[in-house]
Amino acid sequence: HGAPDMIVAAANIALLLLAIAMLLCCFRLLRGPDVADRILALDTLYVNALAMLIVLGIRLDNPIYFETALVIGMLGKRYAFDSCLRSICAGYCLI
């Protein structure tokens, strides 16, 4: 029962591109130069991680990845990244 070969190939390419995008976001998160750049990098990293979960769900033909992405999408951004954003902003945060 698995996904057709074309979908698997497209999902593999998408996973590779998302991994590259996440690496670039990590670079921008660490390098800055501004606090706003770091906040946008963290937000983009979050969106890319959700996209990676969805593509993994398609690739592995497993609905648990979709449900995980839904829960993280609804709750995770607010609660998981608050402390991380505060430490990045170091007191002069815009949030």
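Residue numbers here run from 1 along each chain, matching the order of that chain's written sequence. Local features in a predicted model are, by the rule used here, given only for residues with pLDDT of at least 70; side-chain atom pairs are given and counted only at 80 or more, and totals for whole chains, interfaces and linings are based on all residues. Working from all heavy atoms in the structure, the side-chain values ignore hydrogens and water.

**A look at the overall build of the protein**
For the protein, the count of helices and strands is 4 helices and 0 strands. The N-to-C order of helical and strand elements in the protein reads α-α-α-α. Summary of the burial criterion: residues with accessible area below 20% of their type's maximum are buried, those above 50% are exposed, and those between are partly exposed, where the area comes from a 1.4 Å probe applied to protein chains only. The proportion of buried residues among the 95 residues of the protein is 27%. For the protein, the exposed surface amounts to about 6400 Å²; the carbon and sulfur share of it is 70%. Segments assigned H or I by DSSP are reported as helices when at least four residues long, segments assigned E as strands when at least two residues long, and all are numbered from the N terminus. We get accessible surface area from the Shrake-Rupley algorithm with a probe of 1.4 Å; when it comes to residues, only the shown protein chains can shield them.

**Examining unusual backbone geometry**
The step from Gly 32 to Pro 33 runs through a cis peptide bond, and the omega angle for that step is 10°. Relative to the assigned elements, Pro 33 resides in the loop between α1 (5–31) and α2 (35–60). Its identity as a non-glycine residue notwithstanding, Asp 61 has a phi of 55°, on the positive side. Assignment of secondary structure puts Asp 61 in the loop between α2 and α3 (64–80). Classification of Asp 61 as partly exposed rests on a relative accessible area of 38%.

**Regarding the confidence of the model for the protein**
A low pLDDT means the predicted coordinates there should not be read in detail. Scored by pLDDT, the protein comes out at a mean of 83, with 76% of its residues at no less than 70. Mean pLDDT per element in the protein: helix α4 (residues 82–89) is the minimum at 62, and α1 is the maximum at 94. Scored from 0 to 100, pLDDT reflects the predictor's confidence in each residue.

**Quick notes on the side chain of Asn 48**
You can see Asn 48 is positioned in helix α2. Leave out the neighbours within four places in its chain, and Asn 48 touches Leu 18, Ala 21, Met 22 and Cys 25. What makes two residues a contact is simply this: any of their non-hydrogen atoms within 4.5 Å.

**A word on the environment of Ile 64**
Considering the arrangement of structural elements, one finds Ile 64 in helix α3. Residue classification places Ile 64 among the partly exposed residues on the basis of a relative accessible area of 44%. Taking the C-alpha atoms as reference points, Ile 64 and Ile 54, separated by 10 residues in sequence, lie 9.6 Å from one another.

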